[in-house]
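Summary of structural features
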Amino acid sequence: NFSGGLKSNYTFPKDFLFGVSTAAYQIEGAWNEDGKSESIWDHLVHTNASFVKDGSNGDVAADSYHHYKRDAEMVQELGVNIYRFSISWPRILPTGLTNQINELGLKYYSNLIDELIKRNVTPMVTIYHWDLPQKLQNIGGWSNAHIVDYYTDYAKVLFDNFSNRVKYWVTFNEPMQTCLEGYGGTYRAPVLNRHGIAEYLCTHNLLKAHASVYHLFNENYRHVNKGKIGMSLDSNWAEPKTDTPQDREAAELYLNTHLGWYANPVYSKEGNYPKDLIKLVDEKSLQQNYTRSRLPKFTPEEVNYLKGTADFFGLNHYTTYLLSMADGEVGAIPSHENDVGIVRVQDPKWPSDSSSTWLKVVPFGFRRLLKWITKTYNNVPIIVTENGYADFSGLDDKARVSYYSHYLNALLHAIHEDNSTVEGYFAWSLMDNFEWDDGYVSRFGLYLVDFKSPNKTRTAKSSAKLYAEVIRSRALPAAYDPEDFTAFSG
Ligand SMILES: O=S(=O)(O)CCCN1CCN(CCO[C@@H]2O[C@H](CO)[C@@H](O)[C@H](O)[C@H]2O)CC1
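Calculation criteria
- Residues numbered from 1 in each chain as written.
- Predicted model: local features only at pLDDT ≥ 70, side-chain atom pairs only at ≥ 80, totals over all residues.
- Heavy atoms only, no water.
- Pairing = 2+ DSSP bridges.
- Helix = DSSP H or I, 4+ residues; strand = E, 2+ residues; numbered from the N terminus.
- Axes fitted to C-alpha atoms, helices over the stretch in contact; angles between N-to-C directions.
- Contact = heavy atoms within 4.5 Å.
- Phe/Tyr/Trp six-rings, centres within 6.5 Å; stacked < 30°, edge-to-face > 60°.
- Buried < 20%, exposed > 50% of the residue type's maximum accessible area, 1.4 Å probe, protein only.
- Near = heavy atom within 4 Å.
- Polar contact = N/O pair within 3.5 Å; in protein donor to acceptor, adjacent residues only side chain to side chain.
- Areas by Shrake-Rupley, 256 points an atom, 1.4 Å probe, with all protein chains shown as cover.
- Nonpolar A, V, L, I, M, F, W, Y, C, P; charged D, E, K, R; others polar.
- Disulfide = S-S within 2.5 Å.

Looking at the sheet that holds strand 3 (residues 122-128)
Strand order around the closed barrel formed by eight strands is 1-2-3-4-5-7-10-11, with parallel pairing between neighbours. In this sheet, neighbouring strand axes are inclined to one another by 25° on average, regardless of whether the strands run parallel or antiparallel. Pairing analysis gives four bridges linking strand 4 (residues 168-173) to strand 5 (residues 228-234), with the strands arranged parallel. Counted as the bridge partner of Y168 is K228 from strand 5. With respect to the sheet, helix 9 (residues 198-220) is in contact with strand 3, strand 4 and strand 5, its orientation differing from that of strand 5 by roughly 160°.

Describing the packing of aromatic side chains
Scanning all chains against the criterion turns up 48 aromatic pairs. Here F159 and Y221 contribute two aromatic rings whose centre-to-centre distance is 5.1 Å and whose plane-to-plane angle is 40°, an arrangement assigned as tilted. You can see F159 sitting in helix 7 (residues 147-162) and its partner Y221 sitting in the loop between helix 9 and helix 10 (222-225), a full 62 residues away along the chain. Judged by centre distance (5.7 Å) and plane angle (85°), the ring pair of Y318 and W358 falls under edge-to-face. A residue pair is termed long-range when its members are at least 10 positions apart, and Y318 in the loop between strand 7 (312-316) and strand 8 (320-325) and W358 in the loop between strand 9 (342-345) and helix 16 (363-376) qualify at 40 residues. Overall, the relative accessible area of 10% leaves Y318 in the buried class.

Structural notes on the sheet that holds strand 9
Paired through backbone hydrogen bonds, the strands of a sheet run either parallel or antiparallel to each other. Pairing in this open sheet of three strands is mixed, and the strands run 6-8-9 from one edge to the other. Only two strands of the sheet have a single neighbouring strand rather than two, namely strand 6 (237-240) and strand 9. Strand-to-strand twist in this sheet, taken as the mean axis angle between neighbours without regard to direction, amounts to 40°. Two elements, strand 8 and strand 9, share four bridges in a ladder whose sense is antiparallel. Across the sheet, the residue bridging to S324 is V343, located in strand 9. Across the sheet, helix 11 (residues 245-257) is in contact with strand 6, strand 8 and strand 9; its angle to strand 8 comes to roughly 120°. Each of strand 6 and strand 8 is contacted by helix 16, which is oriented at about 100° to strand 6, the strand it contacts most.

Re the side chain of E115
Looking at where E115 falls in the secondary structure, it is placed in helix 5 (residues 103-118). Discounting residues that sit within four places of it in the chain, E115 has contacts with Y68, K69 and A72.

Notes on the site of the ligand
Near the ligand there are 18 residues, and of these Q26, Y321, E386, E435 and W436 occur at the shortest range. The contact in question runs from an oxygen atom of the ligand to an N or O atom on the side chain of R344, over 3.5 Å. The side chain of W428 places a nitrogen or oxygen atom 3.3 Å from an oxygen atom of the ligand. Here the ligand loses 83% of its free accessible area of 600 Å² to cover by the protein chains. Among the residues making up the shell around the ligand, the classes are represented as seven nonpolar, five polar and six charged.

So, the state of the cysteines
Summed over the entire model, instances satisfying the criterion amount to one disulfide. Across a sulfur-sulfur distance of 2.2 Å, C179 and C202 are joined as a disulfide pair. Negative torsions about the S-S bond denote left-handed disulfides, and the value of about -70° found for C179 with C202 makes this one left-handed. Separated by 23 residues along the polypeptide, C179 in helix 8 (residues 175-183) and C202 in helix 9 bring together distant segments of the chain. In this structure C179 comes out as buried when scored by relative accessible area, which is 0%.

Let's talk about the environment of W41
Looking at where W41 falls in the secondary structure, it is placed in helix 2 (residues 40-47). What makes W41 buried here is its relative accessible area of 0%. Here the alpha-carbon distance between W41 and P133, two residues 92 residues apart in the chain, equals 8.9 Å. The residues touching W41, leaving out its near neighbours within four places in the chain, are Y25, F51, W130, D131, R188, A189 and W436.

Remarks on the pairing of strand 3
Most of strand 3 sits inside the fold, with six of its seven residues counted as buried. Here five bridges tie strand 2 (residues 82-86) to strand 3, and the two strands are oriented parallel to one another. Paired with R84 across the two strands is M124, which belongs to strand 3. One ladder, built from four bridges, connects strand 3 with strand 4; its direction is parallel.

Put into structure tokens, the structure is as follows:
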């Protein structure tokens, strides 16, 4: 049924990892303090103030650079076992390269890690959550093949300094957002908009960089504390718009050419990009008179080098779309969108009070996506590294309480009825933060941040209490009703 499963008294396994997530650019502030250099997000919001809905930026954000002890306290109040945060590359390597290592940057993260360990909370580090040093973008960024070495050198500095205290690593957060939306489009930094070309170059180099860091970790650092490393991929669920063969094909094609674009090379038995994607881009490139396909190819050695380079499947999920085949050309020519040729919409009946217009509440989609990943990638262990809801602010966040209840219900059914191997779940986000193009208009936090107060005061919302209760009891509240979506009726 709609909420992903009927009322049950399923519980979460006692060793299930409950976590909460944040990202450097969205919470830290101190954008140019203590030696940190400009990231591509600093550069974008400073040179194009109209990019952000409320004209704001991450210069100060939640000022976690100065309030990380309060953050660690909040994490402890929630009772989570693990805290996922990201490290800012330009805070560690101001030139982007290892000729200059910023000790004050290392110190900040070392202090944060110690605060977490003191509170019995396991740190999980996301090595890259979108904030590339601008100096590297100036020489091509992810479209420059040498970025594989630059990223590997950066990751080695983190492993050398933190692998004895950090057990969980995520190489990239949502690589598709960087490559498809940032290099192919204008929705994310560096807003290159070189659709049809740059999204494929970015992805090609980024996947090689991922594998390079996986092997570095596997060979030299895993033994330090039996650490684990993976990647966090974002995916909507794709439901066929109508129950017809074409729409079923469109839904499968969406998953293969978006999630599979990154998952197939790493998690599938055969490796490499999905066959559908290779075929579509090769054919379109030929028709468009390109001498060679716009999709770069992996050599057989590279296909093997990439295969199996993760201990878990990190999944960021928020919402669902209805898919159908396009009748005729869609999107710019050339572009990934045009290459794939499908159309996605959302059902107007789906609850949609969220401040993020794309975020519709569709719990069954979460359960079906987990089942699809389990089936497609041979029951790979999954860690849901982000899931959450946005509103316009407020402490008694009933819609967020309802969203989490429904999505956790769907998760319980995925675990107990669909036998998906899910090892953990992280709420996005610990606190209200800079929501990229939505600025501070859309709030995702379990804690409300008063951005006008000097200390960026954090206060627990009703959803923080719900989440803490679920973690303590390992179950949904007895009062939870899978059929009740009233919290969303506007
Ligand atoms: O229909 S549209 O094409 O107009 C918009 C597509 C919807 N996307 C889906 C992927 N999602 C990534 C989520 O992004 C993740 O989730 C959080 C909340 O956004 C961010 O704050 C995190 O940094 C990020 O990891 C952003 C919105």
